[in-house]
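Coordinate inspection notes
This is what each chain is made of:
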Amino acid sequence: MRKESKKVIEMQSKIHSLIYPNQNGNQLFIMREDLLPFSLGGNKVRIGQEFFDDMTEQGCDCMLVYGNSRSNLCRVLANLCWTKGVPCFMISSREENEERIETNNSRLMRWLGAEVIPCEKDQIAETVEETMLRLRKQGYRPYYIYGSKFGTGNEGVPVGAYVKAYQEICEYEAERGIHFDYIFFPSGTGATQSGLVGGHLLRKDCRKIIGVMISSREKERAERIIWEGIESYFQKNRLPLKSEDRAQIHLLDQYKAGGYGKYNQEILNQIREEFCRNGIPMDPTYTGKAFWGMKNYLKEKEIRDSNILFIHTGGTPLFYDNLGNEG
Ligand SMILES: *Cc1c(COP(=O)(O)O)cnc(C)c1O
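Cut-off values and rules
- Residues numbered from 1 in each chain as written.
- Predicted model: local features only at pLDDT ≥ 70, side-chain atom pairs only at ≥ 80, totals over all residues.
- Heavy atoms only, no water.
- Pairing = 2+ DSSP bridges.
- Helix = DSSP H or I, 4+ residues; strand = E, 2+ residues; numbered from the N terminus.
- Axes fitted to C-alpha atoms, helices over the stretch in contact; angles between N-to-C directions.
- Domains from an automatic or database assignment.
- Buried area = accessible area lost by both parts, 1.4 Å probe.
- Phe/Tyr/Trp six-rings, centres within 6.5 Å; stacked < 30°, edge-to-face > 60°.
- Buried < 20%, exposed > 50% of the residue type's maximum accessible area, 1.4 Å probe, protein only.
- Lys NZ or Arg CZ within 6 Å of the ring centre and 35° of its normal.

Things to note about the sheet that holds strand β1 (residues 14–17)
Pairing is mixed in the open sheet, where six strands are placed in the order β1-β2-β10-β7-β8-β9. Looking at which strands have only one partner, the edges of the open sheet turn out to be β1 and β9 (250–252). The average angle at which neighbouring strand axes cross in this sheet is 25 degrees, direction not considered. As judged from the three bridges shared by strand β8 (residues 208–213) and β9, these two strands associate in the parallel manner.

Below you can see the structure in the form of C-alpha cells.
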C-alpha cells in the first residue's frame, strides 16, 4: 500500500464554466490548475509534489532533476526544494544551455539557486551517474526524478498526480450533478494524460479524454509512453489493467503548429480573446495551443450538446513571456 505522505500544498483546483457564444449547444468548462496555490501554479505543482513525496519515501535528502531553467517542472521542483531546505541539482544539456534565452522561469530559477550541471546531449546517462556518485561521496542520499541513469523506472510516480486530480473532477461532477463528456488538455511528456486515463480506468466511467499534442513527438511514440506510464502506475499500486484499456488513450496530432514552442497567428488571437472574454491567461506553447486545437476539433467533428472540460495546465510565467506578442 502507498503511504499517505504529508502535503505542503493544499491541492484542489477550481472548475468553472466559460462564457462563449454559439458553440453548437456545447458548454465549455475549465479546470484552473494554473491557480494551484504554489509557485505560480500549473500541473507541475501536482507532479512536482509527487516526485518530492517519493523522494521523502525513498529516504533521500537531495533532488536531481534533468531539464532546463525555462521549464515549469524545474521551477516548481527547485521551489519545493528551497521551501523544504532540500538541495536541488539540475542537469542541463549544453545545447539548451547555450541558447541562454532569458525567460520568466529562468529568472525565477536564479532566485531559487539550484546548482546547474551542464552536460552534452549524448552524455546524459554518464552525467547522471557521475553526479549521483559525487553527491553520495558528499554524504547525500540523492534522488533522481526519472529513476535510473537512463531515465527509466520512475514512470509511475508523476502519474499519481492526475489520478488524484481525476478524482477531484469526479467529485465536482457529483456535487453539481453534471457530467463532462469530454476532457481536453495539452499533452507533452504524457504524465498528465497517463494519470487522467488511469483515473478514468479505475472509475470505469464513460467519457472521452483527449490530449492535444503540443510537441513534434510522433503520435505512436507518445501513445506508447502514455501507456507505459499507466502500466507503471498500476503495477506499482497492484491494480488490474487489461490490454484493451489502451484504447482509452486519445491523442490529437493535427494541432502541433510546427512543434514544441511553435505557434501561429490563430493561437495568438485565441490567447488574446480568452483573456478578454474570460480573464484567463494562456500561453502559446501549452494551453493556448491546446485550447485552439480543442476548438478546431469540436468544430471539425461537429460535436454538439456536450459538456466539455478543458484543463488549464498552467504556465503563468509563459503567459507573461508572451504578453505583448501580437504576432
Ligand atoms: C508540462 C506541461 C504540460 C504537459 O504536461 P505533461 O504531463 O508533460 O504531458 C502542459 N502544460 C503546461 C503548462 C506544462 O508545464
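Looking at the domain arrangement of the protein
In terms of domains, the protein is made up of domain 1 (15–42 + 156–322) and domain 2 (45–144). For domain 1 versus domain 2, the distance between C-alpha centres works out to 26 Å. Buried surface at the junction of domain 1 and domain 2, summed over both partners, amounts to about 1600 Å²; 57% is from carbon and sulfur atoms. Among the residues of domain 1 in contact with domain 2, Phe38, Ser39 and Val157 are the three that bury the most area, contributing 34% of the side total.

Topic: the packing of aromatic side chains
Counting across every chain of the model gives 14 aromatic pairs. Measuring from ring centre to ring centre gives 6.0 Å for Tyr182 and Phe184, while their planes differ by 20 degrees; the resulting arrangement is stacked. Grouping residues by exposure puts Tyr182 and Phe184 together as buried. With a centroid separation of 6.1 Å and 70 degrees between ring planes, the pair formed by Tyr233 and Phe234 is classed as edge-to-face. On the accessibility criterion, Tyr233 (8% relative accessible area) is buried. Among the residues examined, Phe234 registers a relative accessible area of 2% and is labelled buried. Ring pairing ties together the aromatic residues Tyr20, Phe291 and Phe310, which thus form one cluster. In this structure, Lys44 packs its charged tip against the face of Tyr286, placed 5.8 Å from the ring centre. When the ring centre of Tyr20 is taken as reference, the NZ or CZ atom of Arg277 above it lies at 5.0 Å.

Brief notes about the sheet that holds strand β6 (residues 142–144)
As summarised here, the arrangement of the four strands in space is β5-β4-β3-β6, forming an open sheet in which the pairing is parallel. A single partner strand is all that each edge strand has here, and the edge strands are β5 (115–119) and β6. Between one strand axis and the next, the sheet turns through 25 degrees on average, direction left out of account. The pairing of strand β3 (residues 62–66) with β6 spans three bridges and is classified as parallel. Each bridged residue has a counterpart across the sheet, and for Met63 the counterpart in β6 is Tyr143.

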